[in-house]
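Here is how the chains run, residue by residue.
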Amino acid sequence: LYTEKFRTVVPMLAPVLDVSAPAAGFYLWPRVPDGDDERFTRELLARVNVAVVPGRYLARDAHGVNPGAGRVRIALVASQDDCVEAARRIVSVVEQSR
């Protein structure tokens, strides 16, 4: 099921986000357009009711750098249809923000 979700969702998001399918797991870790993962997360929830997690919340600073900063975690745990709908909404927010 996850393989099918990745095959469907990644090509939808790739034109607007720097994203690729992981080698393992059920998360996507795209870079957000302006690098502000917290702002992007708040905007998605407020505008289109899609919840993601700011990458900076899932990592800690090491040598002054947070490897999660500028990325969000997208969990593809919902149904195929819900994942596709969420991807459509994410694309619309990014396109409207350009």
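Computed from a predicted model, the values in this text were never measured in an experiment.

A. The sheet that holds strand β3 (residues 72-75), seen in detail. Spatially, 3 strands are ordered β1-β3-β2 in an open sheet, and the strand pairing comes out antiparallel. Each edge of the sheet is formed by a strand with only one pairing partner; in this case those strands are β1 (27-28) and β2 (53-54).

B. Broad picture of unusual backbone geometry. A positive phi angle is found at N49, which is not glycine, with a value near 60°. Secondary-structure assignment places N49 in the loop between α2 (37-48) and β2. Take N49: its relative accessible area is 59%, and that puts it in the exposed class. One non-glycine residue, H63, adopts positive backbone phi at about 60°. Tracing the chain through its elements places H63 in the loop between β2 and β3.

C. Up close: the environment of A21. Position of A21 among the secondary structure elements: in the loop between α1 (2-13) and β1. In sequence terms A21 and R89 are 68 residues apart; their C-alpha atoms lie 19 Å from each other.

D. Inspection of the packing of aromatic side chains at higher detail. Using the criterion set out here, one finds 3 aromatic pairs in the structure. Relative to F26, the ring of Y2 lies with its centre 5.3 Å away and its plane at 20°, an arrangement referred to as stacked. Of this pair, Y2 sits in helix α1 while F26 sits in the loop between α1 and β1; the two residues are 24 residues apart in sequence, bridging distant segments of the chain. Aromatic pair F26 and Y27: ring centres 4.7 Å apart, planes at 45°, arrangement tilted. According to the relative accessible area criterion, F26 is partly exposed, its value standing at 29%. The exposure class of Y27 is partly exposed, given its relative accessible area of 27%. Here the aromatic cluster, defined as three or more aromatic residues joined through ring pairs, consists of Y2, F26, Y27 and W29.

E. Spotlight on a nonpolar patch on the surface. Residues W29, Y57 and L58 make up a contiguous nonpolar surface patch of about 320 Å² in total accessible area. Counting through the fold element by element, Y57 comes out in the loop between β2 and β3. According to the relative accessible area criterion, Y57 is exposed, its value standing at 53%.

F. Seen up close, the pattern of salt bridges. Per the counting criterion, the structure on display carries 8 salt bridges. For the salt bridge of R31 with D18, the shortest nitrogen-to-oxygen distance reads 3.8 Å. Taken together, the residues R31 in the loop between β1 and α2 and D18 in the loop between α1 and β1 connect sequence positions 13 residues apart. According to the relative accessible area criterion, R31 is partly exposed, its value standing at 38%. Note that E43 and R39 form a salt bridge whose closest N and O atoms lie 2.1 Å from each other. Of the two residues, E43 and R39 are both situated in helix α2; the distance of 4 residues between them amounts to about one turn of the helix. Overall, R39 belongs to the partly exposed group, its relative accessible area being 26%. Among the charged side chains, a network of salt bridges with common partners joins D34, R39, E43 and R47.

Conventions we followed
Residues numbered from 1 in each chain as written. Predicted model: local features only at pLDDT ≥ 70, side-chain atom pairs only at ≥ 80, totals over all residues. Heavy atoms only, no water. Pairing = 2+ DSSP bridges. Helix = DSSP H or I, 4+ residues; strand = E, 2+ residues; numbered from the N terminus. Buried < 20%, exposed > 50% of the residue type's maximum accessible area, 1.4 Å probe, protein only. Phe/Tyr/Trp six-rings, centres within 6.5 Å; stacked < 30°, edge-to-face > 60°. Patch = residues over 30% accessible without salt bridge, like charges linked within 9 Å, V, L, I, M, F, W, Y side chains within 5 Å. Areas by Shrake-Rupley, 256 points an atom, 1.4 Å probe, with all protein chains shown as cover. Salt bridge = Lys/Arg side-chain N within 4 Å of Asp/Glu carboxyl O.

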